[in-house]
Amino acid sequence: MTPKEFFEFAKRHNAEMVDLKFTDLLGSWQHCTFPVETWDEDTFKDGVGFDGSSIRGWQGIHMSDMLAVPIADSAALDPFFKEPTVSVVANIVDPVTKEYYSRDPRYVAIKGLDYLKSSGIADACFIGPEPEFFIFDEIRFDQTQNMGFYQIDSVEGAWNTNRIEEPNLGYKPSYKGGYFPVSPTDTYHDLRTEMVNEMRKIGIVVEAHHHEVGTGGQAEIDMKFTDLLKMSDQLMWYKYIIKNVARRNGKTVTFMPKPIFEDNGSGMHTHLSLWKNGKPLFAGDGYAGMSDLALHAIGGVLKHAAAILAFAAPTANSYRRLVPGFEAPVNLVMSARNRSAAVRIPMYHGNPKAKRFEFRCPDPSGNGYLSFTALMMAAIDGIQNKIDPGDPLDRDIYDMTKNELEAYPKVPGNLSEALDALESDHEFLKKGNVFTDDLIEAWIDYKRTNELDELALRPHPYEFFLYYDN
C-alpha cells in the first residue's frame, strides 16, 4: 500500500481518524489518534512528533523530541473504536539526525534481517510463536505500606467447584487438567473464535485455537509462521485483539507467565527456520533429520540461551514458570520430541519445509521484536562458529536421578541471573550493529531499577506465613 492508496483505503471505509501505534522498549503499544485530514502523503516521509522522554526506557527529558514515521503498508481497520479508524504502525526517527532510533524495537528487527542477508547464510528467517494466556473473570491486586495482595477469579477455576453459582454445575478444568477438553468444561470456545475472527479480518493467518493445560481459562491461539518482522508486528496485534475482545465480553486477559500457584504457566514456544532462495536450510541427514547448519544454529541458541532469556523471559514472574522438576523446559539441551528440553525438534512431518527447531523457554510477557531477533542472532552465531549443540536429551526426566539431571546445564534461576548473563554475553547481538550498547544498557538498567530493586523492597505475603510468629 502506498501513501496514496492509504488515503483511498481510509475513504473506502469512511474512516475519519488515523490511529498511529508504535512499540516501546518493553513491548507495549503506544498510540495517538489524528483526524485523517491532518495527514497527507508527506506525513509518511516526515512523520509526526511526540515526547520520547515519556516512553519507558527511551529518551531523557533534555532530548525528548522524537518522530514517529507511519508505514502506509501496515494500514488496517482498527476493530475496537466506535468510529471507523485506520490503524498504522510507525518506525521511530531522531528529528535532528534523521536516523532511525536505536532503541526502537522494530528497528532492531529490521537490522537483524539485514544482517542475516548480509551474512550470506540465509535471506529469510521464519518465526512461529505459540503464545499462551489466561482468561479471567476478575483480577484484584494492590500493594501499600500495610497491605499486599492479589486475587484471581474465573468461572473455570478449579477452586470454584464449591462456589454458590445457583446452580454450580461443576464443569471446572482441574489443576493441570485443561488440555483439549470439549464443552461444557471448555467454556471459552466461542470467545477464542471471536478473537481468531478479529485476527483474520486484519490478515493474520491462524492455524488453531484451544484450551491449554491450566485451570482458570488458560488458552492458546497459534499463528502460522511468517517472516520475523511481520510476525513481530502480528504479535502486537495479537495481544491487542485478545485483550480487547476479552474486555468487550466482560473478561480480562493476562500474558503473565505464572499467575496461578501450583498450575501450569504460560509460555511462548518459538519455532525458527532459515531459508535461502526459497529453499529451507534445516533439513538434512543429521540428528532428528536436521542439517549440520541447523544443528550449529541450535548450538548457538544453547550457548547464548541465558542472555536470550533476558529478552525472551524478561520478568521476575517468568522464573516462577521456569522451575526445575516440573514440565518446564529448563534443561539447556536439544531433543527430538522431549518437551523438557530447551530446544525441541518437532517430528510431526518429514517434509523438508517443516524442518525447524522450537525454543521452548520464552514466554509472552516480553517484546517480540527483541526476543525473536535475539534468538535469530544466536542461531547465526552458532552457524558462523560451528557450535556443537552437544548430546541430545531423549530420556524421560522423571526416570532420571537428581545427579543425572544436574549434569545438564540449566536456564537462569531468576531474572537477575538472566540480566547478568546478558551483561557478560552480548557480543553476538551487536554484530551488524543490530543491538547497540545503549539499548542493552537501557534494558538492563530499567529491569534492575524498576523491577528487581522494587521487588526487593517489598515483603512477600508468604513471608508472613513463614516468619510472623517466630
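Everything numeric in this text was worked out from a predicted model, so none of it was measured.

Some thoughts on helix α3 (residues 105–119)
- For α3, with 15 residues, the first-to-last C-alpha span of 21 Å sits near the 21 Å given by 1.5 Å per residue.
- Taken as a whole, α3 has its buried residues at Pro-105, Arg-106, Val-108, Ala-109, Lys-111, Gly-112, Leu-113, Tyr-115 and Leu-116.
- In the stretch just after α3, Gly-120 is the one whose phi turns positive, near 80°.

Structural notes on the packing of aromatic side chains
- Under the counting rule described, the total for this entry stands at 26 aromatic pairs.
- With 5.3 Å between their ring centres and 80° between their planes, Trp-58 and Tyr-101 make a pair best called edge-to-face. Pair noted here: Trp-58 is in the loop between β3 (48–51) and β4 (65–70) and Tyr-101 is in the loop between β6 (85–93) and α3, with a separation of 43 residues, a long-range link. The same class applies to Trp-58 as to Tyr-101, namely buried.
- Centre to centre, the rings of Phe-126 and Phe-225 are 5.5 Å apart; their planes meet at 80°, and the pair counts as edge-to-face. Pair noted here: Phe-126 is in strand β7 (residues 124–136) and Phe-225 is in the loop between β11 (218–223) and β12 (226–227), with a separation of 99 residues, a long-range link.
- Since its relative accessible area comes to 38%, Phe-225 is described here as partly exposed.
- Through a chain of ring-to-ring contacts, the aromatic side chains of Phe-6, Phe-7, Phe-34, Trp-39 and Phe-44 assemble into a single cluster.
- Just above the ring of Trp-29 sits the side chain of Lys-21; from NZ or CZ to the centre is 5.4 Å.
- In this arrangement the basic side chain of Lys-239 is found over the ring face of Phe-255, its NZ or CZ atom lying 5.6 Å from the centre.

A word on the pattern of salt bridges
- This model, assessed by the stated rule, comprises 23 salt bridges.
- Glu-165 serves as the salt-bridge partner of Lys-172, at 2.8 Å between the closest nitrogen and oxygen.
- Two residues, Arg-448 and Glu-423, come together in a salt bridge whose shortest N-O distance is 3.0 Å. Highlighted residues: Arg-448 in helix α13 (residues 437–457) and Glu-423 in helix α11 (residues 415–424), separated in sequence by 25 residues.
- Overall, Glu-423 belongs to the partly exposed group, its relative accessible area being 41%.
- Each of the salt bridges in this network shares a partner with another, and the network as a whole consists of Asp-153, Arg-163, Glu-165 and Lys-172.

Observations concerning the nonpolar core
- Formed by 123 residues in total, the largest nonpolar core has its most connected members in Phe-133, Met-195, Phe-357, Phe-359 and Phe-435.
- Sequence-distant contacts of Phe-435, that is, excluding residues within four places in its chain, are made with Val-108, Phe-311, Leu-370, Thr-373, Ala-374, Leu-429, Lys-430 and Ile-440.
- Counting five residues, the second largest nonpolar core, distinct from the first, contains Val-333, Leu-393, Met-400 and Leu-405.

Comments concerning the packing of α3 against helix α9 (residues 368–384)
- Packing of α3 against α9 brings their axes to within 9 Å, and their N-to-C directions diverge by 20°. Put simply, α3 runs roughly parallel to α9. Relative to α9, the crossing made by α3 is left-handed. Here Pro-105, Arg-106, Val-108, Ala-109, Gly-112, Leu-113, Tyr-115, Leu-116 and Ser-119 of α3 come into contact with α9, specifically with Tyr-369, Leu-370, Thr-373, Met-376, Met-377, Ile-380 and Gln-384.
- A class-by-class count of the residues in the contact of α3 with α9 yields 11 nonpolar, four polar and one charged.

Reading guide: rules and limits
- Residues numbered from 1 in each chain as written.
- Predicted model: local features only at pLDDT ≥ 70, side-chain atom pairs only at ≥ 80, totals over all residues.
- Heavy atoms only, no water.
- Helix = DSSP H or I, 4+ residues; strand = E, 2+ residues; numbered from the N terminus.
- Expected span 1.5 Å × (residues − 1).
- Buried < 20%, exposed > 50% of the residue type's maximum accessible area, 1.4 Å probe, protein only.
- Phe/Tyr/Trp six-rings, centres within 6.5 Å; stacked < 30°, edge-to-face > 60°.
- Lys NZ or Arg CZ within 6 Å of the ring centre and 35° of its normal.
- Salt bridge = Lys/Arg side-chain N within 4 Å of Asp/Glu carboxyl O.
- Core = buried A, V, L, I, M, F, W, Y, C linked by side-chain atoms within 4.5 Å.
- Contact = heavy atoms within 4.5 Å.
- Axes fitted to C-alpha atoms, helices over the stretch in contact; angles between N-to-C directions.
- Parallel < 35°, antiparallel > 145°, perpendicular 65-115°, else oblique.
- Left-handed = near helix turned anticlockwise from the far one by under 90°.
- Nonpolar A, V, L, I, M, F, W, Y, C, P; charged D, E, K, R; others polar.

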